[in-house]
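Here's the letter readout for the chains.
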Amino acid sequence: MDTLLEPLLQRPDLPQLVAQLTSQLEREKLARDEFLRELTPDMKAEFIGGEMILHSPAKAGHIRVTGRLHTMLNMHVLKHELGEVFFEKALVHLSRNDYEPDVLFYEPVKAAQIAPDQLLFPAPDFIAEVLSDSTESRDRGVKFEDYALHSVAEYWLIDSDQRFIEQYQLDGQVYRLFQKLHAGSLSSLVVPGFEIPLAALFDDQAHRSFLLGSY
């Protein structure tokens, strides 16, 4: 029996708790339906825990790191026909929440099922989130748990200010820290053959040198 459920099952007010949870989930569904109806292409928004989260504009460092990672990953995946890479505006639609990850990757079978007019995306195989002051608690909290529960096999947390990457590997339904790097090279556990020097994420010259040398 699930250790989270066991104490609840012993409570005499279990029927009332179930009724409250059911009511809450029904309200969330209505709010989520409204969120999806009102969402426009120019909005940067997510739906988390029954609420729409609007994101403020990102700092230049955040945008640069996101762009560099997307460029390197996308070029590698295209060159070797490994699947498909998306970024930011792909709305990942999970069982309770909707997220717009910074960078995400689908292996070939999943990628082939994504239609040109698709608006809601399934759980990917790889996600990278670039941390910011306004999003770090969610990136390390609800997203960390939710991505694992939906079998996203690899998760990167990137700090563009402190210049490090935390690489997480799925172990059952939880993430385990595989490594935390401040320098050197990083190889993906999910994307075959994808290896990058960390400097290519954080420095324009290193990024250009990597691209010219690799592609």
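Quick caveat, the model's predicted, so the values are computed rather than measured. (Residues numbered from 1 in each chain as written. Predicted model: local features only at pLDDT ≥ 70, side-chain atom pairs only at ≥ 80, totals over all residues. Heavy atoms only, no water.)

Moving on, we come to unusual backbone geometry. One non-glycine residue, Glu 88, lies in positive phi territory at about 45°. Tracing the chain through its elements places Glu 88 in the loop between β3 (84-87) and β4 (91-93). Look at Arg 163: it is not a glycine, yet its phi comes out positive at around 60°. As for its position among the elements, Arg 163 is in the loop between β9 (154-159) and β10 (164-171). (Helix = DSSP H or I, 4+ residues; strand = E, 2+ residues; numbered from the N terminus.)

A few words on the pattern of salt bridges. Counted by the stated rule, this structure contains 16 salt bridges. The salt bridge involving Lys 143 is made with Glu 46; its shortest N-O contact spans 3.0 Å. Remark: Glu 46 occurs in strand β1 (residues 45-48) and Lys 143 occurs in helix α6 (residues 142-149); sequence separation between them is 97 residues. Here Lys 143 and Glu 46 have matching classes, each one buried. Notably, a salt bridge pairs Arg 176 with Asp 171, separated by 3.3 Å at the nearest N-O pair. (Salt bridge = Lys/Arg side-chain N within 4 Å of Asp/Glu carboxyl O. Buried < 20%, exposed > 50% of the residue type's maximum accessible area, 1.4 Å probe, protein only.)

A word on helix α2 (residues 14-38). Its 25 residues give α2 an end-to-end C-alpha distance of 36 Å, which sits within 8% of 36 Å, the value for a rise of 1.5 Å per residue. Listed in full, the buried residues belonging to α2 are Glu 28, Arg 32 and Phe 35. (Expected span 1.5 Å × (residues − 1).)

With six of its six residues buried, β9 lies for the most part within the structure. Every second residue of β9 is oriented toward a common face, with Glu 154, Trp 156 and Ile 158 on one face and Tyr 155, Leu 157 and Asp 159 on the other, all of them buried. By the bridge criterion, five bridges tie strand β8 (residues 126-130) to β9 in an arrangement that is parallel. For Ile 127, the partnering residue across the bridge sits in β9 and is Tyr 155. (Pairing = 2+ DSSP bridges.)

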